[in-house]
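Listed here are the chains, written in short residue letters.
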Amino acid sequence: MIHPRLSVRVRRAALACLSGGLFLVGATSTPVAADTRPSIRVDNDTLTVQTLLDGRFSGPKETFVSVDGAENARGKLTVTFDASDLEGFFPESTTGLVPCDADGDLIGECDHPHQRLVLDATAKATAAGRSGRIRITAKVDGKVQDTAEVTVRVTDPGPVFDRAPTGFTDVEPGSRLDLPGGFSNYSRYHGYRSVIVDVYFPNGLSPVEEFGNCAYAMSNTGAPRISGQDTSMSCRLTGPISPGGSYDLDLGPVEVGHQAVLLNIHYSARPEKPGAEGPEPLRGRPGKGRPLTFTERAEGATHVRSQSLPVTTSVRTTNQADFSVNHVTLKGKVGDVVDADFFFVNNGPGAVPAVFDSEEDNETAPVVQLALPKGITVIKAPENCGEEPDPPTDKNTKGGKEADGPLYRCWQGRMDKSALMTPGSFEHFPFSIRLDKPGRTVNDTADSGYVLIKTELTVDKFDEDKDNNRSHISLDVKAAPRASATSTEQDTSSRRAAIGGAAAGFALACAAHIPWRRRAIRSSSIGTDSTGGNAAAPEGPEPTR
């Protein structure tokens, strides 16, 4: 027979086992929580970057990398960027290709879940057409949680003009220069049947020889006062052009004009784009002569400049230009309105670019400052001149005292920044000015102003004679002449008249002293009212008594 106390214990144990079994059954029937491991999210998984061959940088390429669920990570979260696949894509000086890369080995490890991946550089020419990957790994306490990739693609520029002389210096005007040139197909995969080569010769440089497979277009560089012509040459070179091939060509001699100072020749190459009706039309008139040909580039060819594209050739001659402003004398009688034509001019012998400010699209390039003397009034100013506040006085200014009259800034009325100021080209600034009583200086001489070449950009590098960049504005104001005579007779008669007039005036003054004094006393008594105020004096002659 079982003891009663033991039966109670058994029953309690049985109930406990039953309860534990039911709890386990209930636990297995409850849904398991979803996987909360950190995961990588990339806003843009493909970045396309340009090479130095493209000529212009289109701006940085970027994407945002975030680790979702990072707040639930139970441990230390790190995000690793591995861009070792891009080794050799970018110049050695490029830094910061991946975040948190302190030693510059293209591998960075960050401890923050949100990162901004920015490729702010152009790829090397040797990377043209290639692709590489940036591998991204999220880890918690060193254990991989998720991976992602960003593909980096380098543009394929195709044919690029990459060989030309860097420049020529101390060139004599009227001489000729030989222009070797060349281009390469930087595409690794595409060949071309034909290539268009364009060469731009600014005014002052012109090709001597014409080619039958080229077209020539002439364009005016500005208004008639800023004249000249540029020459554009477009040539169709028939291939085949193989992938990765490099070719040289001879553009022939170029003649340096007698007005040339500092000019630049520009080059470009591109695949031909045939239209629906046949080959791509070339702009300009067809050339006359042998065709322009090209040959495989030899090893060690000079003037190959793939690291400084687009290539240009500078031509600096022994010429100089000379800017100057005119000396103006405002001459006439008090009250006269006179015309004053201020101008600045290029005396040559060189022609220089008509660019005097740093803005790209601006027809109001400041060129001249006018400080007009005291004693005048501007009746009419040209539209391209505006009045400004007076400048501070400069005692050391060449030409003496600064003018205290109106101050004007005038700008050049030109539209085309590629225009040239050839010898004899000038800008007019016509004013209409009324001559008032002239101001006097401390030396009791008529006040003078100045006209000054004053531009945002310096013209010193072109200007051979800087002393004539500033000139006087003088005043010669006189009273109306009393009689017509020659200058010598007028001077003599003026002196005699002055002596005789002084004596006669003295006698008349003595004779009229008493009557005038009596009249003054009468007038004073008439002009005072009973209140002691001043009343208007009556007009007309005094009443007869």
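For the structure itself, consult the block above.
Per chain, residue numbering runs from 1 following the sequence as it is written. Note on the predicted model: pLDDT of at least 70 is required for a residue's local features to be given, and 80 or more for side-chain atom pairs to be given and counted; whole-chain, interface and lining totals, by contrast, use all residues. As a convention, hydrogens and water are excluded, and side-chain values are obtained from all of the structure's heavy atoms.

## Observations regarding the overall build of the chain
Here comes step 1: In this text, helices come from DSSP runs of H or I with a minimum length of four residues, and strands from runs of E with a minimum of two, each type numbered from the N-terminal end. When its secondary structure is counted, the chain shows three helices and 32 strands.
Here comes step 2: Within the chain, the fraction of its 545 residues that count as buried is 38%.
Here comes step 3: Contact between two residues is taken to exist if any of their heavy atoms lie within 4.5 Å; hydrogens are not considered. For the chain, long-range pairs separated by at least 24 residues make up 79% of all intrachain contacts whose partners lie at least 6 apart in sequence.
Here comes step 4: For the area figures, the Shrake-Rupley method with a 1.4 Å probe applies, and any residue is considered shielded solely by the protein chains shown. Element-wise, carbon and sulfur atoms account for 53% of the exposed surface of the chain, whose accessible area totals about 31600 Å². Think of it in three bands: with a 1.4 Å probe and only protein chains considered, a residue is buried below 20% of the maximum accessible area for its type, exposed above 50%, and partly exposed in between.

## Some thoughts on unusual backbone geometry
Here comes step 1: A cis amide bond links Gly-239 with the next residue in sequence, Pro-240, at an omega value of 15°.
Here comes step 2: Looking at where Pro-240 falls in the secondary structure, it is placed in strand S15 (residues 229–241).
Here comes step 3: Going from Gly-348 to Pro-349, the amide bond is cis rather than trans, its omega being 5°.
Here comes step 4: Within the secondary structure, Pro-349 sits in the loop between strand S23 (337–346) and strand S24 (352–353).
Here comes step 5: Of note, the phi angle at Asp-141 is positive, near 55°, even though the residue is not glycine.
Here comes step 6: For Asp-141, the position within the fold is in the loop between strand S7 (131–140) and strand S8 (143–154).
Here comes step 7: Here Asp-141 falls in the exposed class, since its relative accessible area comes to 52%.

## Brief notes about the nonpolar core
Here comes step 1: In terms of nonpolar packing, the biggest core is built from 39 residues, with Phe-183, Met-233, Leu-251 and Tyr-267 touching the most fellow members.
Here comes step 2: The set of buried Ala, Val, Leu, Ile, Met, Phe, Trp, Tyr and Cys residues whose side-chain atoms join them within 4.5 Å is what this entry labels a nonpolar core. Core analysis: the second largest hydrophobic core is formed by 35 residues, Ala-321, Ala-340, Val-378 and Ile-473 among them.

## Quick notes on the packing of aromatic side chains
We describe a pair of aromatic rings using the distance from one ring centre to the other and the angle between the two ring planes.
Here comes step 1: Stacked, tilted and edge-to-face are the three classes assigned to paired rings of Phe, Tyr and Trp, where Trp is represented by its six-membered ring and a pair needs centres within 6.5 Å; plane angles under 30 degrees give stacked, over 60 edge-to-face, the rest tilted. What the rule picks out here adds up to eight aromatic pairs.
Here comes step 2: Considering the side-chain rings of Phe-183 and Tyr-247, the 5.4 Å spacing of their centres and the 35° angle between planes classify their relative orientation as tilted. Of the two residues, Phe-183 sits in strand S11 (residues 176–185) while Tyr-247 sits in strand S16 (residues 246–256), which places them 64 residues apart along the sequence. Of the two residues, Phe-183 and Tyr-247, neither departs from the other in class, the shared state being buried.

## What to know about the state of the cysteines
Here comes step 1: By definition, disulfides here are pairs of cysteine sulfur atoms that lie within 2.5 Å. Scanning all chains against the criterion turns up three disulfides.
Here comes step 2: Between the sulfur atoms of Cys-214 and its disulfide partner Cys-235 the distance amounts to 1.9 Å. Between Cys-214 and Cys-235 the disulfide shows an S-S torsion of about 105°. By sign, it is right-handed. Residue Cys-214 is found in strand S14 (residues 214–220), and its partner Cys-235 is found in strand S15; the two are separated by 21 residues along the sequence.
Here comes step 3: Judged by its relative accessible area of 0%, Cys-235 is buried.
Here comes step 4: Covalent S-S linkage joins Cys-385 and Cys-410, the inter-sulfur distance amounting to 1.9 Å. Given an S-S torsion of about 110°, the disulfide between Cys-385 and Cys-410 has right-handed geometry. With Cys-385 in strand S27 (residues 385–388) and Cys-410 in strand S28 (residues 407–413), this residue pair connects regions lying 25 residues apart in the sequence. Like Cys-410, Cys-385 is buried.
Here comes step 5: In the chain, numbering the disulfide-bonded cysteines from first to last in sequence yields the connectivity 1-2, 3-4, 5-6.

## A word on the sheet that holds S7
Here comes step 1: In short, DSSP must find at least two bridges between two strands for them to pair. Spatial strand order, S2-S8-S7-S4-S5: five strands in an open sheet with mixed pairing. Of all strands in the sheet, those bounded by a partner on one side alone are strand S2 (46–49) and strand S5 (107–110). Along the sheet, successive strands turn relative to each other by an average axial angle of 20°, direction set aside.
Here comes step 2: Relative to S5, strand S4 (residues 77–82) runs antiparallel, the two being bridged by four bridges. When the sheet's bridge partners are listed, Asp-82 is paired in S5 with Ile-107. The axes used here are C-alpha line fits, helices contributing only the stretch in contact, and every angle between their N-to-C directions lies in the interval 0 to 180 degrees.

## Let's talk about the pattern of salt bridges
Here comes step 1: Salt bridge, as used here, is a side-chain nitrogen of Lys or Arg placed within 4 Å of a carboxyl oxygen of Asp or Glu. Counted by the stated rule, this structure contains 14 salt bridges.
Here comes step 2: Residue Glu-210 pairs with Arg-285 through a salt bridge whose shortest N-O separation is 2.5 Å. Of this pair, Glu-210 sits in the loop between strand S13 (205–207) and S14 while Arg-285 sits in strand S18 (residues 285–286), and the two are 75 residues apart along the sequence.
Here comes step 3: According to the relative accessible area criterion, Arg-285 is partly exposed, its value standing at 42%.
Here comes step 4: Residues participating in the shared-partner salt-bridge network are Asp-162, Arg-163, Asp-248 and Arg-297.

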